[in-house]
Every structure is written in C-alpha cells, then in structure tokens.
Amino acid sequence: MPETQVPATELTSQYSAQVTGDLERNTKERERIGSEIEALQEQLRALQHNHTVLVSVQQALGGESAAAAEPAAKANGAAAPSVPAQASAQSKRNKPKKTVATSAKKTAAKKPTTKASSAKAPTTAAKPTLVDLIRGHLAEQSEPRSAAEITSALAQTHSDRGIKVTVVRNTLEGLVAKSHVHRTKQGASVFYTAATSAEQAAVDSPTEASAG
C-alpha cells in the first residue's frame, strides 16, 4: 500500500502545478483582452460622439440650404405653367429656321473643301517629275555622275520624295534610250552626262515633224 501511494502523490502534485500555471496564464490573458476591449469601447464611444456631432451639423447646413432654395423654387413654380406653352410655340416657329441654318452650314462647309481641293491642284501639277529632276541635275554638272551620286544629291534636295537608286538608274537608262542622256563606262562603273541642247533638239525635231 505505501509504495502505491507514493507515485500517485507525485502525479497529483505535477497535475496540480500544471493546472496552477494554466490558471495564471489564463488570468493574464483575460486581463490583457479585457484591457483591449476597454480601449476599443472607448474608441467606439468617441466615434459615436463624433458621428452624432457631424450628423447634427449636416442637418443644420441642410436646413439652411433648403430654406434658401425654397423662395427660388416657389418663384420658378409660379412661372412654370407658361413655360410649356411658350416652349412648344417657339419650337414650332424655329423648325424652319433650323432647317435653313443646317443647310447654310452644310453649304459653308462644302465651300472651303472646294477651295482647298482647287488650291492643292496647282501644287500637284507644278511638282517636277523625276525625269525633270535628273535632267536638271545632270545639266548643272561639269563631270559625269553615277546613278548612286545622282540619287544621293536628289535625296538631299528632295527628301520628301523617297528617291531610290534603282528607280533613278531605270530612269537614266530610259533617258539614254531617248538620247537625252549619254552613258559612259569606266571600269565596272557607269556614269551619265546630260546631252547638249542642240543634241536634244535634233532628237526631238523628227518626233515633232511626224506629229505635225
């Protein structure tokens, strides 16, 4: 019997110590949560007080604005019965005017477009062709020029046209075929020079005679 009671007593003391520790921790946790709840309740009471004050201020401001707007509303209400009749009469009278105004606006809108198109036409017609540019450039040169040199010079003076060397070379060959441009070959390079005015006149005169 005594040997059996000794382990039981030790086990009871261990449980008792554990329960005591748990109770202390539980008490501390309850105190902590209780203090947090009190702080939150205080914040809630402050927010409720602020809410009440703001609502009363809003009601006071709303009452003043409503009182100020009431005379204007009455004045508008007194004049309201005559407004629909006047509006309907004015709308009937103004319908033809609106149609005339709309047609006048369309006519006015069409006129600038016509002027703009007519103004653009001379500019497009006056724009020189690539043949004219090449012949003019070669006429100003004292030495033969290659297709690449001619393309580079024309691209600098007419950057908006996007002139390419292949197009310039084909145009030059076409002018050579018409004897408006002379072609000379130096090694692997080909150079072009403009024909003189007399040579061009001699080439063009048979064509004019046959046309006549």
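Residues numbered from 1 in each chain as written. Predicted model: local features only at pLDDT ≥ 70, side-chain atom pairs only at ≥ 80, totals over all residues. Heavy atoms only, no water.

Caption draft 1: Representation of the environment of Thr196 in the model. Assignment of secondary structure puts Thr196 in the loop between β2 (189-194) and α6 (197-211). Each C-alpha atom, one on Thr196 and one on His180, is 8.2 Å from the other, the two residues being 16 residues apart in sequence. (Helix = DSSP H or I, 4+ residues; strand = E, 2+ residues; numbered from the N terminus.)

Caption draft 2: Here's a closer look at unusual backbone geometry. Backbone geometry places Ser179, a non-glycine residue, at a positive phi of 65 degrees. Judged by its relative accessible area of 32%, Ser179 is partly exposed. (Buried < 20%, exposed > 50% of the residue type's maximum accessible area, 1.4 Å probe, protein only.)

Caption draft 3: The arrangement of helix α5 (residues 165-177) in detail. Between the first and last C-alpha of α5 there are 18 Å, a value that for 13 residues agrees with the 18 Å anticipated at 1.5 Å per step. For α5, the complete set of buried residues consists of Val168, Thr171, Leu172 and Leu175. The arc enclosing the buried residues of α5, seen along the axis, measures out at 105 degrees, which places them on a common side. Facing away from the buried surface of α5 by more than 90 degrees, the exposed residues are Asn170 and Ala177. Structurally, α5 contributes buried residues whose contacts are with α3 (130-140), α4 (147-157), β1 (181-186) and β2. (Expected span 1.5 Å × (residues − 1). Arc of directions from axis to C-beta. Contact = heavy atoms within 4.5 Å.)

Caption draft 4: Spatial organisation of the packing of α3 against α4. At a minimum axis separation of 11 Å, α3 and α4 run at an interaxial angle of 110 degrees. Taken together, α3 and α4 sit at an angle that is classed as roughly perpendicular. Here α3 contributes Leu130, Leu133, Ile134, His137 and Leu138 to the contact with α4, which in turn contributes Ile150, Ala153 and Leu154. (Axes fitted to C-alpha atoms, helices over the stretch in contact; angles between N-to-C directions. Parallel < 35°, antiparallel > 145°, perpendicular 65-115°, else oblique.)

Caption draft 5: How the structure looks around α4. For α4, the complete set of buried residues consists of Ala147, Ile150, Thr151 and Leu154. Down the axis of α4, the sector holding all buried residues measures 100 degrees, keeping them to one side. Buried residues along α4 sit in contact with α3, α5 and β2.

Caption draft 6: Looking closely at the pairing of β2. As defined by bridge partners, β1 adjoins β2 across six bridges and the pair is classed as antiparallel. Along β2, the bridge assignment pairs Arg183 with Tyr192. (Pairing = 2+ DSSP bridges.)

Caption draft 7: Structural view of the pattern of salt bridges. Summed over all chains, the structure comprises five salt bridges. As a salt-bridge pair, Arg25 and Asp22 come within 2.1 Å of each other at their nearest N and O atoms. Note that Arg25 and Asp22 are positioned in helix α1 (residues 2-79) at a spacing of three residues, about one turn of the helix. With a closest N to O distance of 2.6 Å, Glu42 and Arg45 form a salt bridge. (Salt bridge = Lys/Arg side-chain N within 4 Å of Asp/Glu carboxyl O.)

Caption draft 8: Focus on the nonpolar core. Judged by nonpolar contacts, the single largest core of 13 residues is most densely connected at Ile134, Leu138, Ile150, Leu154, Val168, Leu172 and Tyr192. Within the residue set of this core, elements represented by two or more residues are α3, α4 and α5. No other element matches the four residues that α3 contributes to this core. Excluding residues that lie within four positions of it along the chain, Leu154 makes contacts with Leu130, Leu133, Ile134, His137 and Ile163. (Core = buried A, V, L, I, M, F, W, Y, C linked by side-chain atoms within 4.5 Å.)

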